[in-house]
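# Secondary and tertiary structure notes
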Amino acid sequence: MVWAERHRGRLAALAIAAVVIAVGVPLWWKTTETYRAWLPVAQINELAQLQLQLSVEVEVVFSKGTLTAEHQKKIPPSNTRQEEHVVDETTRLRYRYETRYRTATIMEEDALNQSTAAEADISLHMLSESPSGSVVIYVVPESSTVLPEGVSVYVGQRRTALLRAGGQMRVAVALKEVLASLETWIKQVLQVMSFSHGDITAALSDRVRPGDRSREGLADSMRAFKSSPGYEITFSLLNPDPTSHLLHWDVEAAISSYIQPLLSKMAPVANFSIDSQILYYAVLGVNPRYDPTLNAYTLNADSLSHVINPVEARLGSSAASSNPVLNFLLYVPDSRHSPLHITDHRRHTVPSNAFSSPRWGGIMVYNVNASGTELPVDVHIDMRRVMGVFLPQLRLMLGVQSAAPPPGFLIGPCGNAGLADWELDRLMWTRSVENVATATTTITSLAQLLDQIGNIVINDNIAEQVSSAVASLQLAVGQLEVGNLGLAMQYSKEAILQSERAFFDPSLLHLLYFPDDQKFAIYIPLFLPMCVPILLSLLKMASEVRQRPGQGQAKKD
Amino acid sequence: MAKAGQFFSSGHTNNWAVLVCTSRFWFNYRHVANTLSVYRSVKRLGIPDSHIVLMLADDMACNHRNPKPATVFSHKNMELNVYGDDVEVDYRGYEVTVENFLRVLTGRLPPSTPRSKRLLSDDRSNILIYLTGHGGNGFLKFQDSEEISNVELADAFEQMWTKRRYNELLFIIDTCQGASMYERFYSPNIMALASSQVGEDSLSHQPDLAIGVHLMDRYTFYLLEFLEDIHPSSTTNMKDLFKVCPKSQCVSTPGHRTDLFLRDPGSVLITDFFGSVRKVEITTDTINLTAPMVHLEDTRPVRELRTEIQTYMDQLPVAEIIHQKPKQKDWHPPDGFILGLWTLILLVFFKTYGIKHLKHIF
């Protein structure tokens, strides 16, 4: 009967081992795994290979006298030109220009017969409205007087340009050559009014680390703020000498008249919040030097860089968000150091008397004549002059580039808002591409991070945000392909917001690193006392099974 | 634009500093003094408070054992008070934890965190990170109860790099066996300095008999002497920083690591990290504004006075405030669970095999 008991013992040991392996191990595995919601990894990997197509609609309108009658009959209604660029192994660009040709209507002819280009521009705008992202080029005959001498292209306030037909048009040449010569001019116009390859590669700097970029390109990229959903702008008046000067500045009216139109026009790009303050007894950290030749105090360009830090400590900020802050300071020098001029490296005074610091803001020095005998002197600050300096600084900070136009181009004045439509289009092209590039790198690096570190918990809300960011990105890329710039900008902004929210979610920080010795220290006291008897009994059974054939043999003998 | 090259040679437009002291208790006075001295130098060289995240794990200035309250001295004979009256501590006391430190670095803070507690750097920021406290081989102790390992720190820097949260990073650590903390870095553009190698201890500098504790650590003391000679426009470079505190003065051997840094250390200025020299450009374009200003007085609507009676929000009943119910916590097995399990196993053993085996145990 000992044999039956041993048999029961063996069955018990086997049953326990079976339960431990079949039930215990999966239960332990399931209860100790981290919750990771499903992420659309396949779509994210697709986005890592970014293939962007930017489509621009171009309309070329021929006015009377630019084409002969037979050319007019043979002209093709449309033409598509594509340019492919490979930026690096994961990023490809394709620019698609869809050109439509037509002749001018009678009303447009009347508009083009005005005396100056600016008036022609205004009359043309009253006739039609072109959608965001498109360009309309009016070709005027060489003999037309609407363009001044020596100017081949006039770029207007909205999205139109006036192009003077070249000499080749006069001679009876084939239509193909006429169009070809026109094509070179159109390319130049598009580089100015739409985007150039350099702008787009600069916007992709988040994905593509620039290897050897020119100094100017580097300076441009460092000057403007990176694309952000909002910006905070602060105007400050610094009065170091309140006993001598009693300053009045009507900043609210100035902002609503001059700055607000620009910011309202840029509403598709970002939100802006503006505030203003006055600081008393705020001095510059640098002592200006007296220059007898100018009979004034001067601040040289080299010492300007040390001006900002002591002032910044006093500025304070009421910003409750994490948006970048632009500061514009108006400094009225104290009576002992008046007048104060800023000189450049060649010791010439700067007419604007202002300077700016990239990604920070601008400072302007406003000289007053405290010629009254009664102190303090009432001073009413000429806000138009002040805003005339702050406005171009603001444009620079926000990325509206004013690069020198190519020879033969004349850029028209930018109108009431301080920003021409085509400048806004340019900004929207580069910002959309920048947003798409940043959002794709954020999403792909988040996916990579979550893959690498297996211990991070991925909650449902993060998975949702990632999925919606991926969806917005795909929509934005689609709209860029079609050429709907406004929608593309909007989707790219949503994509950025969602991807940043997913990447910076506070819950993604739980314990990342478990060294192996700590894992052993936790599991050994729990599992070892249980496993040792099971293992020993299994081993005992195995050795008995091996001995039994031996015994059986002995018995047989 | 010819001057653009001269101005923009270093590639950064703003500077940030994260200064952390990780030890608490009165006898670790020197760690707080270390951090505050670096804070003073960095402010003097131009980095504003809004760009400095200062984390002090304990309050030495207002500690009961401080014979001179509201002061923290860094030189003996109480020459230099580094606490002053314009110090801005962002994380204090128990807020200095490994989790908060990593959250500041990676940016994963809850949305309610104020601006002063955030590291709002961008891809053109140079960041200085200074850590001091008690450390060991591969870890740094926080608050006497937790530690951060070099792997976690390296991963945090990698997350900063993937999100382009820095242009260049200078990492200085003054603890025992400090060199082990930068061994695991693998992200580009990081330069690291430590006060001692693996297996060596960093020693403190000098005690002050009136206060009764050591005031500074050696490495930071000589680092500060070096920084006193730097002013915002000086051109001293990093190679001089590596020579600070040789073995004769420091007893430990300071170490540094520059293989991840792209530029040559000889061309990196001290003020690239410790100061904040702004790039400036003269404004040449102006716009001639011709439209007259619209004055707002007439367009603003007249605000009516509110005449409703103010009422308070619903107050909590007193009973609920005084006798609060305990919060619901997750269920954990009772603490003696494993001990009880072993007792059970032993009892079963003795029951089965008889009580006579007990004498072998006791």
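Residues numbered from 1 in each chain as written. Chains lettered and ligands numbered in written order. Predicted model: local features only at pLDDT ≥ 70, side-chain atom pairs only at ≥ 80, totals over all residues. Heavy atoms only, no water.

This paragraph deals with the UniProt feature "transmembrane region" (unreviewed entry) in chain A. Residues and elements named next belong to chain A. UniProt records the feature "transmembrane region" (unreviewed entry) for residues 12-29 and 520-539 in the present numbering. Spanning residues 12-29, this segment combines 100% helix with 0% strand, and its end C-alpha atoms are found 25 Å apart. Segment residues 520-539 splits into 100% helix and 0% strand. End C-alpha atoms: 24 Å apart. (UniProt positions renumbered as here; feature names shortened; annotations may be inferred. Helix = DSSP H or I, 4+ residues; strand = E, 2+ residues; numbered from the N terminus.)

When the UniProt feature table is mapped onto this chain, "transmembrane region" (unreviewed entry) is found at residues 336-354 of chain B. Secondary structure across residues 336-354 of chain B comprises 89% helix and 0% strand; the distance between its end C-alpha atoms is 26 Å.

The next thing to look at is the interface of chain A and chain B. Accessible area lost on assembly of the parts is the figure often given for the size of an interface. Each side of the interface is counted separately: chain A has 65 residues, and chain B has 62 residues. Of the roughly 5700 Å² buried between chain A and chain B, counting both surfaces, carbon and sulfur atoms make up 60%. The salt bridge partner of A:Arg359 is B:Asp123, with a shortest N-O separation of 3.3 Å. For the pair chain A and chain B, the interface holds 13 residue pairs in polar contact (both at pLDDT 80 or more). When contributions to the side of chain A that touches chain B are tallied by element, the ones reaching two or more residues are helix H8 (215-223), helix H9 (251-265), helix H10 (308-315), strand E14 (354-357), helix H11 (383-398), helix H12 (421-452), helix H14 (485-503) and helix H15 (516-556) of chain A. Bridge count for E14(A) against strand E11 (residues 281-282) of chain B is 2 bridges, and the pairing is antiparallel. Residue pairing across strands places A:Phe355 opposite B:Ile282, the latter belonging to E11(B). (Contact = heavy atoms within 4.5 Å. Buried area = accessible area lost by both parts, 1.4 Å probe. Salt bridge = Lys/Arg side-chain N within 4 Å of Asp/Glu carboxyl O. Polar contact = N/O pair within 3.5 Å; in protein donor to acceptor, adjacent residues only side chain to side chain. Pairing = 2+ DSSP bridges.)

For helix H6 (residues 175-193) of chain A, with 19 residues, the first-to-last C-alpha span of 26 Å sits near the 27 Å given by 1.5 Å per residue. When we look at burial in H6(A), the residues that qualify are A:Leu175, A:Val178, A:Leu179, A:Ser181, A:Leu182, A:Glu183, A:Ile186, A:Val189, A:Leu190, A:Val192 and A:Met193. (Expected span 1.5 Å × (residues − 1). Buried < 20%, exposed > 50% of the residue type's maximum accessible area, 1.4 Å probe, protein only.)

On inspection of all chains with the given rule, the structure shows 25 aromatic pairs over all chains. Measuring from ring centre to ring centre gives 5.4 Å for A:Trp28 and A:Tyr523, while their planes differ by 85°; the resulting arrangement is edge-to-face. Note that A:Trp28 is positioned in helix H1 (residues 2-31) and A:Tyr523 in helix H15, a separation of 495 residues in sequence. Look at A:Tyr523 and you get partly exposed, because its relative accessible area is 29%. Taken together, a centroid distance of 5.1 Å and an interplanar angle of 65° make the contact between A:Tyr290 and A:Tyr297 edge-to-face. An aromatic cluster is built from A:Trp28, A:Trp29, A:Tyr523 and A:Phe527, whose rings are joined through pairwise contacts. Positioned above the aromatic ring of A:Phe503 is the side chain of B:Lys163, whose terminal nitrogen or guanidinium carbon lies 5.9 Å from the ring centre. A cation over an aromatic ring shows up here: B:Arg164 above the ring of B:Trp161, its NZ or CZ 4.7 Å from the ring centre. (Phe/Tyr/Trp six-rings, centres within 6.5 Å; stacked < 30°, edge-to-face > 60°. Lys NZ or Arg CZ within 6 Å of the ring centre and 35° of its normal.)

Once that is clear, we can look at the environment of A:Ser256. Tracing the chain through its elements places A:Ser256 in helix H9. Each C-alpha atom of the pair A:Ser256 and A:His348 lies 34 Å from the other, and the pair is 92 residues apart in sequence.

All names here are of chain B. Annotation from UniProt places "active site" (unreviewed entry) at His134 and Cys176. Despite a sequence span of 43 residues, these residues sit close together in the fold, their greatest C-alpha distance being 6.4 Å. Secondary-structure assignment places His134 in the loop between strand E4 (125-132) and strand E5 (135-136). His134 gets classed as partly exposed once you look at its relative accessible area, which sits at 24%. When sequence neighbours within four positions are dropped, the list of residues in contact with His134 reads Thr22, Ser23, Asn28, Arg30, His31, Leu140, Lys141 and Thr175. Engagement of the side chain of His134 in a polar contact is seen with the side chain of Asn28, the distance being 2.9 Å.

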